[in-house]
2 protein chains.
Amino acid sequence: MKPIQVGLLGIGTIGSGTFEVLARNQEEIRRRAGRGIEIAMVADLDIERARQIVAGHAQVVSDARAVIANPDIEIVVELIGGYGIARQLVLEAIAAGKHVVTANKALLAVHGAEIFEQAQRQGVMVAFEAAVAGGVPIIKALREGLTANRIQWVAGIINGTTNFILSEMRDKGLDFAAALKDAQRLGYAEADPTFDIEGIDAAHKITLMSAIAFGIPVQFDQAYIEGITKLAATDIRYAEQLGYRIKLLGVTRRMPQGIELRVHPALIPARRLIANVEGAMNAVVVNGDAVGTTLYYGKGAGKEPTASAVIADLVDLTRLAASDPQHRVPHLAFQPGALYDMRVMSMEETITGYYLRLRVADQAGVLARLATTLAEASISIDALLQREADEVGGTGSEPQTDLVILTHEAREGNMNRALAQLQALPGVLAPIVRIRKEELA
Amino acid sequence: MKPIQVGLLGIGTIGSGTFEVLARNQEEIRRRAGRGIEIAMVADLDIERARQIVAGHAQVVSDARAVIANPDIEIVVELIGGYGIARQLVLEAIAAGKHVVTANKALLAVHGAEIFEQAQRQGVMVAFEAAVAGGVPIIKALREGLTANRIQWVAGIINGTTNFILSEMRDKGLDFAAALKDAQRLGYAEADPTFDIEGIDAAHKITLMSAIAFGIPVQFDQAYIEGITKLAATDIRYAEQLGYRIKLLGVTRRMPQGIELRVHPALIPARRLIANVEGAMNAVVVNGDAVGTTLYYGKGAGKEPTASAVIADLVDLTRLAASDPQHRVPHLAFQPGALYDMRVMSMEETITGYYLRLRVADQAGVLARLATTLAEASISIDALLQREADEVGGTGSEPQTDLVILTHEAREGNMNRALAQLQALPGVLAPIVRIRKEELA
């Protein structure tokens, strides 16, 4: 049987990785798919570089539309990134009746609703394993491996840049700024690291996972997003003393009144496997009502890990090419028309535990007033540390103390109000640090 | 569209779990599959119990052949276990043109070659996600998620009974016999625990994974199998001091001269995620040439986790029911006729690291003779501990010492010969303990 013909839009890092892995393992892949997979055409603005990479094994053009217009090409792989021209080209590929494979989490998080709807209308597939957690087949696990389950929650370390920075902060006691510089120097963070350190990239990915896990539309604009830029080495140390690690976590959780969809730093008990995921590795924990807790771990990014995911999608599409369009695996795991209308809860409704660090004047009574304020807000204390402050601020020789509190679960709205009251107390000398805590039991 | 009709052979723990989860999550599952999945008929020798479980929602018979002969049933789920009648019934179901879903690792490990060949001939599927690592979708990951990769190795903690026992031994300092009793009392080990503690169950599972990972025939009879019955609390303690955990590991690895296929206790560096998998949980690490190291973790057994895997297979088959038989996902991940003829290496050819514990008379020169013997066998020492022995054996008041050695990688054949020489040395007072060490880097 003739190999299936594939077109690449963009042959940067991931595109060249895809080309190289397909070439290197073509025999293995053909045995598995039952049919060869051939990159017939590559579009890239840098024609010279593209020609060097394909070395005559594919046609190279500068115009992506030539790929889309090519009648022999059945699958288009979008590897341009961003949501500008990429959106336009993906929609055109769909309109031309081609399946689409993409690694573009930003595009799908922001424009996924429109894209999946068009694909459904055309009867073509949009596959995106490469958009989340690199080569770890988490999308496939959620969409197929765990279909028997009512998914309860998904929590993930899904941004390698921030996890690398946090590992550096912990291992070397660095402040955020120093760790970020390290990460940039070693190539784990970009020159402009905003998308990563502000949690936006993680939010794109947890949004996609929430859509698949709960069968709801993609709702990126509803996500609560908080990055790691405000984390201090002090908090990482205190968390460690209390038996926790701090990670940037993407969380989505089914609740009676809707779903949670949030990204923020979180304390996780050190004994959880996921708390021990270091450096640029990713891990996703999924809890389903039948299977219980499962975890998927591996490289979250990189040329060949991401290429592995792109090719997994190509093989899937190749295998399913002959199947009944009505019943092939639906993009978002759920058949169209069966998407639930479940609202994303506001952050104020989230119930979670907290780490609080207060710099206080060491006065008798401060602690009592704190305890009263929290109790009145129905927030109960799990653990408490008092430490003489390392650096003494202020003008006088009045001793200062760090009060570190771990709370049990509380409603974020309650906590926000309690924090406002605590902040206003005389004796509380600096902005209170608040980091959420996820037991992930 | 009418629901797909399924027949259950056996409605014990897994069968009733499958029935209950399908009923509880039927809406979710129907949305995902695009079609309902209905257990139409159940065969069990205990008709009364079966009738109670299905409560009128399926037809109950005592004769499995009635299920196989039912023309409306498209998928037969074999949950009887063992390789007696189960083999016969699976072959008959295949001959009758029905797809088969099974959790029966023993059957497939021993008779898989014959069963998959018959299924291929008939153009039907045999799916077995539930046979390995409970609800963790590892078979799907190997067969589909990682298709882009040349798999280099797979290593797994895939037997919950033994992992629970080892966790008990470590946490409570118990000997194997005491920990086994605990496990039996708590329901983690059977009255006759042989299959588990001797490593046979783990060997069934790693054999199936090796077939999928490398595209080779199922070759259970070639596996090297060693269980945990000879492990002592002493060795678990020493391993801990050296920075390792001891786990029963199933390993399969691609080597130039063939594949390794083995089950045995192994020291694993404590910093590896898999070393921290405790109790009855399972984890499988897969290393592929593109994706690198990935890990899959979750409950390895249990009523609902296993049911989750059975139903995942049912949904897969339902989705693919209309697809072209030539190109649906092949059982063993590779198209028939494309299975490699790769031989399983003998244990003597395995290259791995070792933990050795020798009880020696504390004489000057014993250590020197040891070092010489190992060096002559091209075995280099990574670490060495000397500890005065806890319990003094022997007749005299001569002091005894435990010599604990970690070696770098060496060929097992060399190590066997070296061990024979060491055992013969005067000054070596007891049988030498040898446990293999896997860095899993």
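Everything numeric here is computed off the predicted structure, so don't read it as measured data.

1. Details of the pairing of strand β1 (residues 4-9) of chain A
All names here are of chain A.
Thinking step 1. Of all six residues making up β1, six are buried, and the element is well covered by its neighbours.
Thinking step 2. One ladder, built from six bridges, connects β1 with strand β2 (residues 37-43); its direction is parallel. Directly across from G7, in β2, lies its bridge partner M41.
Thinking step 3. Direction of pairing for β1 relative to strand β4 (residues 75-78): parallel, over a ladder of four bridges. From the neighbouring strand, L9 faces β4, where its bridge partner is E78.

2. Remarks on the sheet that holds β4 of chain A
Residues and elements named next belong to chain A.
Thinking step 1. With parallel pairing, the six strands of this open sheet are ordered in space as β3-β2-β1-β4-β5-β6. Each of the sheet's edge strands pairs with one partner strand only, and the pair in question is β3 (59-61) and β6 (126-127).
Thinking step 2. With three bridges connecting them, β2 and β3 associate as parallel partners. Within β3, the residue paired with V42 across the bridge is V60.

3. A word on the relation of the copies chain A and chain B
Thinking step 1. Mapping chain A onto chain B calls for a rotation angle of 180° and an axial translation of 0.0 Å; the resulting RMSD is 0.0 Å. With respect to symmetry, the two chain copies, as superposed, fit the operation of a two-fold axis.
Thinking step 2. Of the residues that chain A buries at the interface, 100% are likewise interface residues in chain B, meaning the two copies contact each other through the same surface.

4. A word on the environment of E348 of chain B
Residue and element names in this part refer to chain B.
Thinking step 1. With respect to the secondary-structure elements, E348 resides in the loop between α13 (303-320) and β13 (351-361).
Thinking step 2. Placed 38 residues apart in sequence, E348 and V310 show a C-alpha to C-alpha distance of 38 Å.
Thinking step 3. Apart from the residues within four sequence positions on either side, E348 is in contact with R411, E412, G413 and N416.

5. Concerning a nonpolar patch on the surface
Thinking step 1. Taken together, the side chains of Y83, V110 and F195 of chain A define a hydrophobic patch exposed on the protein surface, amounting to about 260 Å² of accessible area.
Thinking step 2. Note that Y83 of chain A resides in the loop between β4 and α5 (85-95).

6. Some remarks on the domain arrangement of chain A
Residue and element names in this part refer to chain A.
Thinking step 1. According to the domain assignment, chain A contains domain 1 (4-135 + 304-338), domain 2 (138-300) and domain 3 (351-437).
Thinking step 2. Domain 2 and domain 3 are separated by 26 Å when their C-alpha centres are compared.
Thinking step 3. Counting residues at the interface gives 18 residues for domain 2, matched by 15 residues for domain 3.
Thinking step 4. Both faces considered, domain 2 and domain 3 share a buried interface measuring about 1400 Å² in area, 56% of it formed by carbon and sulfur atoms.
Thinking step 5. Considering only the side of domain 2, the residues that lose the most area to domain 3 are Y238, L242 and L267, jointly responsible for 41% of the buried surface there.
Thinking step 6. Counting across the interface, domain 2 meets domain 3 through two salt bridges.
Thinking step 7. In this structure, the salt-bridge partner of R357 is D235, at a minimum N-O distance of 2.5 Å.
Thinking step 8. Summed over the shared surface of domain 2 and domain 3, the result is seven residue pairs in polar contact (both at pLDDT 80 or more).
Thinking step 9. Counting residues per element, the ones that place at least two in the side of domain 2 that touches domain 3 are α12 (233-241), β9 (244-255) and β10 (258-269).
Thinking step 10. With six residues, α12 is the single largest residue contributor to the side of domain 2 that touches domain 3.

7. Points about the interface of chain A and chain B
Quoted interface sizes are often the accessible area lost when the parts come together.
Thinking step 1. Contact with chain A, which involves 67 residues of that partner, is made by 67 residues of chain B.
Thinking step 2. Between chain A and chain B, a total of about 5400 Å² is buried, with carbon and sulfur atoms accounting for 54% of that surface.
Thinking step 3. Ranking the residues of chain A by area buried against chain B places R31, R32 and R319 of chain A at the top, with a combined share of 17%.
Thinking step 4. Put simply, chain A and chain B have eight salt bridges between them.
Thinking step 5. One salt bridge in this structure joins R24 of chain A and D289 of chain B, with 3.1 Å as the shortest N-O distance.
Thinking step 6. At the junction of chain A with chain B, the criterion picks out 16 residue pairs in polar contact (both at pLDDT 80 or more).
Thinking step 7. Within the side of chain A that touches chain B, the residues separate by chemical class into 35 nonpolar, 16 polar and 16 charged.

Thresholds applied
Residues numbered from 1 in each chain as written. Chains lettered and ligands numbered in written order. Predicted model: local features only at pLDDT ≥ 70, side-chain atom pairs only at ≥ 80, totals over all residues. Heavy atoms only, no water. Buried < 20%, exposed > 50% of the residue type's maximum accessible area, 1.4 Å probe, protein only. Helix = DSSP H or I, 4+ residues; strand = E, 2+ residues; numbered from the N terminus. Pairing = 2+ DSSP bridges. Least-squares fit on C-alpha atoms with pLDDT ≥ 70 in both. Contact = heavy atoms within 4.5 Å. Patch = residues over 30% accessible without salt bridge, like charges linked within 9 Å, V, L, I, M, F, W, Y side chains within 5 Å. Areas by Shrake-Rupley, 256 points an atom, 1.4 Å probe, with all protein chains shown as cover. Salt bridge = Lys/Arg side-chain N within 4 Å of Asp/Glu carboxyl O. Domains from an automatic or database assignment. Buried area = accessible area lost by both parts, 1.4 Å probe. Polar contact = N/O pair within 3.5 Å; in protein donor to acceptor, adjacent residues only side chain to side chain. Nonpolar A, V, L, I, M, F, W, Y, C, P; charged D, E, K, R; others polar.

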